[in-house]
Amino acid sequence: MAPRDLIDIDRIFHEPAVADFPRGREILARYPNAERIEVPSHWNIPELHGNEGSVEDWVRIKRSTLVLGVKKGLAMRPNGRSAHFIAPSTSNGCAMSCSYCYVPRRKGFSNPISLFVNVEAVCAAIARHAGKQGALPEPDQIDPEAWVYDLGENGDLSVDAMICDNVRDLVALFRGLPNAKGSFATKAVNRDLLAYDPQGRTRIRFSLMPARIARIVDVRTAPIPERIAAIDDFLRAGYEVHVNFSPVILYEGWEADWAALFDAIDGTISEAAKAQLACEIIMLTHNAGLHAVNLGWHPKAEDLLWRPDIQESKRSEGGGENLRYRTGWKGKWLARFRALLAERMPYCRVRYAF
């Protein structure tokens, strides 16, 4: 999907202090004709968040609306799964519309991109934290030698980079941190990032799933073949390139579809890419509230995502009621997935599976 098709900003909600920051002024200047609406907080905008009427305009809002704010909390959160730490986000929300995304159910409905303009403060906080860590004591499932900071928990940095230089600044930061790496997952292919010179200090994780399922649930994202084809380009540009098999959605014929995807990856990427490849496997988590929202804008996806016959309710760490594949069966299905991966792509190390 071309940037113009993904983002065409004509309305900007912004906190009062945004223009006090160089990045804020840069973004506002980039969209001089956009309507500007001052709001007290990026987090609570009734017109966008929790407004049921926005469901009807879901995609239009994603493409045309931008929110600008100032990041308040700068703490690092321990993770231990995909990364050692979750860094303060430089964005929240996304221009893409994956039907399983957890962000809309937390913040409200279409939830377009919110960018934080105090990126210097975020970078300084990460640098201070990394400086206190010293060397990684020993290799682990996350990385053999560096502390890894997840940078894109609540958005997609490849898309954020279409709007401003926050991602360029983050990549430059990790280029200068000898004991740390940045990491983010993406469903977009933004070739501007190839010029960022990461020097091996940023890990990009292309999220992949069978193409015919992605066409239903990965709305407004890069096609799966395009993501696979980008792996070697980003490796040559100096990124560490991993893949996320996420989410793994169960349905009749899922194993054949994933086998075909593994064969497509194996037949496309280079030996150099295979030699450094690792993956994360994340099985679908759904949510009753998100199910209700999806029925208003994309009910076809719910035929795949909403499977109470094989799902069970489980309270999340944040206190919400989520649906996950049933205990016992989930472990068996995950074992089958891993066996299939080992058969088709034996070189692909599994860093994390859930």
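Just so it is clear, the structure is predicted and the values come from calculations on it, not from any experiment.

## Describing the state of the cysteines
- One pass over the full model with this rule turns up 0 disulfides.
- This cysteine, Cys94, is not joined by any disulfide, and Cys98 carries the nearest cysteine sulfur, 6.8 Å off.
- Using a relative accessible area of 14% as the deciding quantity, one classes Cys94 as buried.

## Observations concerning the sheet that holds strand 1 (residues 11-14)
- Read from one edge to the other, the open sheet built from 5 strands follows the order 2-1-3-8-6, with strand pairing classed as mixed. The two strands at the open ends of the sheet, each matched to only one other strand, are strand 2 (35-38) and strand 6 (91-92).
- Note: strand 3 (residues 65-69) against strand 8 (residues 114-116), 3 bridges, orientation parallel. Looking at the pairing, Gly69 lines up with Phe116 of strand 8.

## Quick notes on helix 10 (residues 254-268)
- Over its 15 residues, helix 10 extends 21 Å from the first C-alpha to the last, a length consistent with the 21 Å expected when each residue adds 1.5 Å.
- For helix 10, every residue scored as buried is listed here: Trp254, Asp257, Trp258, Ala259, Leu261, Phe262 and Ile265.

## A look at the environment of Arg324
- Considering the arrangement of structural elements, one finds Arg324 in strand 17 (residues 321-325).
- Between the C-alpha atom of Arg324 and that of Ser313, which follows or precedes it by 11 residues, the distance is 6.5 Å.
- Ignoring any residue separated from it by four or fewer positions in sequence, one finds Arg324 in contact with Leu284, Thr285, Ile310, Gln311, Glu312, Lys314 and Phe354.

## Some thoughts on the nonpolar core
- Counting residues in hydrophobic clusters, the biggest one holds 76 residues, and the most contacted among them are Ile126, Tyr149, Val217, Phe245 and Trp258.
- Every residue in contact with Trp258, bar those within four places of it in the chain, is listed here: Leu208, Met209, Pro210, Phe245, Ser246, Pro247, Val248, Phe337 and Leu340.
- Counting residues in hydrophobic clusters, the runner-up holds 23 residues, among them Ala34, Leu66, Cys164 and Ala188.

Rules and cut-offs
- Residues numbered from 1 in each chain as written.
- Predicted model: local features only at pLDDT ≥ 70, side-chain atom pairs only at ≥ 80, totals over all residues.
- Heavy atoms only, no water.
- Disulfide = S-S within 2.5 Å.
- Buried < 20%, exposed > 50% of the residue type's maximum accessible area, 1.4 Å probe, protein only.
- Pairing = 2+ DSSP bridges.
- Helix = DSSP H or I, 4+ residues; strand = E, 2+ residues; numbered from the N terminus.
- Expected span 1.5 Å × (residues − 1).
- Contact = heavy atoms within 4.5 Å.
- Core = buried A, V, L, I, M, F, W, Y, C linked by side-chain atoms within 4.5 Å.

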